[in-house]
Amino acid sequence: MKHVTTLLRTLAFQRKPQTLSMSSAVHENVKNYYGSRLETSDDLQTNAACVMPSRPVAKSACEALKQVHPDVCKRYFGCGLVIPEKLEGCTVLDLGSGSGRDCFVLSKLVGESGQVIGLDMTDEMIVASQKYIQYHQEKFGYSKPNTVFVEGYMEKLSDAGIQNNSLDVVVSNCVICLCPDKRTVISEAYRVLKEGGELYYSDIYASKVVPDSFKEDPVLWGEGMAGALYWRDLIALMKDIGFSTPHMVAGSHIVVHNPELQKKTGDVKYASGTYRIFKLPQNSIKSKALVTYKGTVPDCADCFEFDASHSFKAKVPVEVDAEMAAVLKNTRFSTDFNITMLDTPDPNQSGTPQYCHLSPFLLADKLGSSVKQCSKTGR
């Protein structure tokens, strides 16, 4: 626990002052929208926080969520599931932690030896979430807290005390769409992740490139629609920065309830998508592999649903492509698989891969995703 305490103290007390240049009009608008204007998720204008996940939530995550203080859940503004598997002992950063709901779930799942850092640029959210640190520490039976909340910007993680190659997992829940400079945010996530680390996040995506006119509307920014990335641009962005190809975990349609916003957005459609992306070694595996899941990932004894396209049954050998082989061999899941490299070259390594299966809209259509009954104006 000593290294946990040292890290938390460093983040809490040695954080650099945020540079004034980051306080752009967009940041200030989002701060006001989430810090003052919105009291609960019912005040939002889309159904994103009510979207049903397109795959079952792990039992341990469900149990952890039940232990989160009701007042914390009340101010939850996320749009998906950002709880990856096998987190015991991990150091996890939540970008845009908001009320702290996901952080406290993660706090339970990483255990007392793990660490959770919640970063948010909204002072009101930081103050609100800090009030419940001791409550959850005691609720989980920890001798010391394993969670800290720091005020800062996703574009400037070093100013918030986050060091290079220091994190096992970075998560984010419907926040990157609120940021005007996504390339910098993703680059920062890449920088602070350890080799083999994972970026696992949900966000709002658009069916086409969003018109510049959307970006002049403060409500469209606050709802995540003005800053939503065209889903195909996500793939190019991740690959350009150095990450693996994104793996789609879940996808659901987002419904705009407000007639005025419907008129403004026109034929642009929105969906929430959850992706997992990995920071792999530079010299990636070039050939296919035969992998056998051991049944050892917590909550996944019989079958490990890695993403929407890969489901590994225990003790059943499966052939995978070169990139999936690299993911399983170089990440925290390496001990959960027996991996035998094959002599078969992977043609996708030299050809032009097709990414239609990574569309959150296509997955939502395939699964017939629906939404919970929500209030008329809220998610």
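1. Re the overall build of the protein chain
Thinking step 1. Scanning the protein chain from N- to C-terminus turns up 13 helices and 13 strands.
Thinking step 2. Going through the 379 residues of the protein chain one by one, you find that 55% of them count as buried.
Thinking step 3. Surface summary for the protein chain: the accessible area is close to 16400 Å², and the carbon and sulfur share equals 51%.

2. Some details on the nonpolar core
Thinking step 1. Core analysis: the largest hydrophobic core is formed by 40 residues, its most contacted members being L93, V170, L199 and F243.
Thinking step 2. For this core, the element with the highest residue contribution is helix α10 (residues 231-241), accounting for six residues.

3. Looking at the pattern of salt bridges
Thinking step 1. One pass over the full model with this rule turns up 15 salt bridges.
Thinking step 2. One salt bridge connects D217 with K264, and the closest N-O pair in it is separated by 2.5 Å. In this pair, D217 is assigned in the loop between β5 (193-206) and α9 (218-222) and K264 in helix α11 (residues 259-265), connecting sequence segments 47 residues apart.
Thinking step 3. Under the relative-accessibility criterion, D217 is labelled buried at 13%.

4. Some remarks on the confidence of the model for the protein chain
Thinking step 1. On average, the protein chain scores 84 in pLDDT, and the residues at 70 or more come to 79%.
Thinking step 2. pLDDT under 50 marks residues 12-23. Its contacts with residues more than four places away, or in other chains, come to 24 contacts.
Thinking step 3. Contacts for the low-pLDDT stretch residues 40-52, under 50 throughout, to residues beyond four places or in other chains number 65 contacts.

5. Here we look at the sheet that holds strand β12 (residues 317-320)
Thinking step 1. The strand order across the open sheet formed by three strands is β12-β9-β13, and the pairing between neighbours is antiparallel. Looking at the sheet topology across the chains shown, the edges are occupied by β12 and β13 (337-345). Pairwise comparison of adjacent strand axes, ignoring direction, gives a mean angle of 25° for this sheet.
Thinking step 2. With six bridges joining them, strand β9 (residues 287-293) and β13 adopt antiparallel strand pairing. Paired with L290 across the strands is T340, a residue of β13.
Thinking step 3. Across the sheet, helix α12 (residues 322-330) lies against β9, β12 and β13, angled at about 50° from β9, the strand it touches most.

6. So, the environment of T184
Thinking step 1. Residue placement: T184 occurs in helix α8 (residues 182-192).
Thinking step 2. On the basis of relative accessible area, T184 is assigned to the partly exposed category, the value being 26%.
Thinking step 3. It is 8.2 Å that separates the C-alpha atoms of T184 and M154, two residues lying 30 residues apart in sequence.
Thinking step 4. Polar side-chain contacts of T184 include one of 2.5 Å to the side chain of D181.

7. Thoughts on the packing of aromatic side chains
Thinking step 1. One pass over the full model with this rule turns up 13 aromatic pairs.
Thinking step 2. Geometrically, the ring pair formed by Y293 and F304 is tilted, given 5.8 Å between the ring centres and 40° between the ring planes. On the criterion of sequence distance, the pair formed by Y293 in strand β9 and F304 in strand β10 (residues 303-305) is long-range, its members being eleven residues apart. Comparing Y293 with F304, the two get one shared label, buried.
Thinking step 3. Judged by centre distance (5.1 Å) and plane angle (80°), the rings of F312 and F337 are edge-to-face. You can see F312 sitting in strand β11 (residues 311-313) and its partner F337 sitting in strand β13, a full 25 residues away along the chain. One exposure class covers both F312 and F337, and it is buried.
Thinking step 4. Through successive ring pairs, a cluster of aromatic residues spans F278, Y293, F304, F306, F312, F333 and F337.
Thinking step 5. Sitting above the plane of the F306 ring, R276 keeps its charged end 4.6 Å from the centroid.
Thinking step 6. The ring of Y190 carries K279 above its face, with NZ or CZ at 4.7 Å from the centroid.

Conventions we followed
Residues numbered from 1 in each chain as written. Predicted model: local features only at pLDDT ≥ 70, side-chain atom pairs only at ≥ 80, totals over all residues. Heavy atoms only, no water. Helix = DSSP H or I, 4+ residues; strand = E, 2+ residues; numbered from the N terminus. Buried < 20%, exposed > 50% of the residue type's maximum accessible area, 1.4 Å probe, protein only. Areas by Shrake-Rupley, 256 points an atom, 1.4 Å probe, with all protein chains shown as cover. Core = buried A, V, L, I, M, F, W, Y, C linked by side-chain atoms within 4.5 Å. Salt bridge = Lys/Arg side-chain N within 4 Å of Asp/Glu carboxyl O. pLDDT = per-residue confidence, 0-100. Contact = heavy atoms within 4.5 Å. Pairing = 2+ DSSP bridges. Axes fitted to C-alpha atoms, helices over the stretch in contact; angles between N-to-C directions. Polar contact = N/O pair within 3.5 Å; in protein donor to acceptor, adjacent residues only side chain to side chain. Phe/Tyr/Trp six-rings, centres within 6.5 Å; stacked < 30°, edge-to-face > 60°. Lys NZ or Arg CZ within 6 Å of the ring centre and 35° of its normal.

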